[in-house]
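The chain contents come next:
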Amino acid sequence: MSAIFALANQKGGVAKTTTTGILAAGLKKQGFSVLTIDCDPQGNLSMSVAAENQDSATMYEVMKGTASAREAIQHTSSCDIIPANTILAGIEQELHNVGKEMTLREKLRDEQTGVAEEYDYILIDCPPSLGLLTVNALTAADYLLIPTMAET
Ligand SMILES: Nc1ncnc2c1ncn2[C@@H]1O[C@H](COP(=O)(O)OP(=O)(O)OP(=O)(O)O)[C@@H](O)[C@H]1O
Ligand SMILES: [Mg+2]
């Protein structure tokens, strides 16, 4: 079973995405298998690892249930990633079901199509807000990392 980390802080620009990418690269270098999940409609992590996020299954399709987590994974030279694009922003208005906060947790741990058994680490890069996407990441995660800007 993976150790699942959410990298979250409702403040923007505090290095959530940078930390996700660097941690993934470091863990991979140590020999661990790592999946990153871009949970931010800005898609910055997807862009930073050159994932294809226009014509492929993304986090939006995973959250909607039209693609499985396994189907949405891309293998890049940096890390494995489930990418995201701006369409993901709409998910906050599109999920209405009871238990929608558990969506990502259930997708990752699904016995047939989940991927939580296949990686040592899963790192979830969150958007700079405390909306449904971040709540889904926090619900799916075992650990929370909160990057902060060191200020006096
Ligand atoms: N250790 C660092 N020292 C200096 N600049 C950094 C450091 N880490 C990240 N940055 C820069 O800070 C900016 C914001 O980083 P990043 O995109 O990782 O933040 P973020 O928290 O993911 O932002 P957002 O909330 O928009 O998703 C980027 O320009 C990045 O290059
Ligand atoms: Mg970011």
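You'll find the structure just up there.
Described below are features of the structure shown in this document. (Residues numbered from 1 in each chain as written. Chains lettered and ligands numbered in written order. Predicted model: local features only at pLDDT ≥ 70, side-chain atom pairs only at ≥ 80, totals over all residues. Heavy atoms only, no water.)

## A short note on the environment of tyrosine 119
Here's step 1: The topology assignment puts tyrosine 119 in the loop between α6 (103-109) and β5 (121-125).
Here's step 2: The class for tyrosine 119 is buried, based on a relative accessible area of 9%.
Here's step 3: When the C-alpha atoms of tyrosine 119 and serine 2 are compared, they prove to be 5.4 Å apart, with 117 residues separating the residues in sequence.
Here's step 4: Beyond its immediate stretch of four places on either side in the chain, tyrosine 119 contacts Met1, Ser2, Ser33, Val34, Leu35, Ile73, His75 and Asp80. (Helix = DSSP H or I, 4+ residues; strand = E, 2+ residues; numbered from the N terminus. Buried < 20%, exposed > 50% of the residue type's maximum accessible area, 1.4 Å probe, protein only. Contact = heavy atoms within 4.5 Å.)

## Points about unusual backbone geometry
Here's step 1: Phi is positive for alanine 15, close to 85 degrees, though the residue is something other than glycine.
Here's step 2: Considering the arrangement of structural elements, one finds alanine 15 in the loop between β1 (3-7) and α1 (16-29).
Here's step 3: Even without glycine at this site, alanine 50 takes up a positive phi of about 60 degrees.
Here's step 4: By the secondary structure assignment, alanine 50 is in the loop between α2 (44-48) and α3 (59-64).
Here's step 5: With relative accessibility at 65%, the residue alanine 50 sits in the exposed group.

## Points about the environment of valine 115
Here's step 1: Along the chain, valine 115 falls in the loop between α6 and β5.
Here's step 2: Here the alpha-carbon distance between valine 115 and threonine 139, two residues 24 residues apart in the chain, equals 16 Å.

## Some thoughts on the side chain of serine 2
Here's step 1: Relative to the helices and strands, serine 2 is located in the segment before β1.
Here's step 2: Within the structure, serine 2 has its side chain in polar contact with the backbone oxygen of alanine 116 (distance 2.5 Å).
Here's step 3: Here the side chain of serine 2 touches tyrosine 119 through a polar contact of 2.7 Å, landing on its backbone oxygen.
Here's step 4: The residues contacting serine 2, other than those within four sequence positions of it, are Val115, Ala116, Glu117, Tyr119, Asp120, Ile122 and Asp142. (Polar contact = N/O pair within 3.5 Å; in protein donor to acceptor, adjacent residues only side chain to side chain.)

## Considering a negative patch on the surface
Here's step 1: Residues Glu106, Asp110, Glu111 and Glu117 make up a contiguous surface patch of negative charge.
Here's step 2: Relative to the elements of secondary structure, glutamate 106 occurs in helix α6. (Patch = residues over 30% accessible without salt bridge, like charges linked within 9 Å, V, L, I, M, F, W, Y side chains within 5 Å. Areas by Shrake-Rupley, 256 points an atom, 1.4 Å probe, with all protein chains shown as cover. Salt bridge = Lys/Arg side-chain N within 4 Å of Asp/Glu carboxyl O. Lys, Arg positive; Asp, Glu negative; His and termini not counted. Charge placed at Lys NZ, Arg CZ, Asp CG, Glu CD.)

## Brief notes about the site of ligand 1
Here's step 1: Neighbouring residues of ligand 1: Gly12, Gly13, Val14, Ala15, Lys16, Thr17, Thr18, Asp40, Gln42 and Pro128.
Here's step 2: In this structure, an oxygen atom belonging to ligand 1 sits 2.7 Å away from a side-chain N or O atom of lysine 16.
Here's step 3: In the environment of ligand 1, an oxygen atom lies 2.8 Å from a nitrogen or oxygen atom belonging to the side chain of threonine 17.
Here's step 4: In isolation ligand 1 has 640 Å² of accessible area, and contact with the protein removes 49% of it.
Here's step 5: For the shell around ligand 1, a count of residues per class yields 3 nonpolar, 5 polar and 2 charged. (Near = heavy atom within 4 Å. Nonpolar A, V, L, I, M, F, W, Y, C, P; charged D, E, K, R; others polar.)

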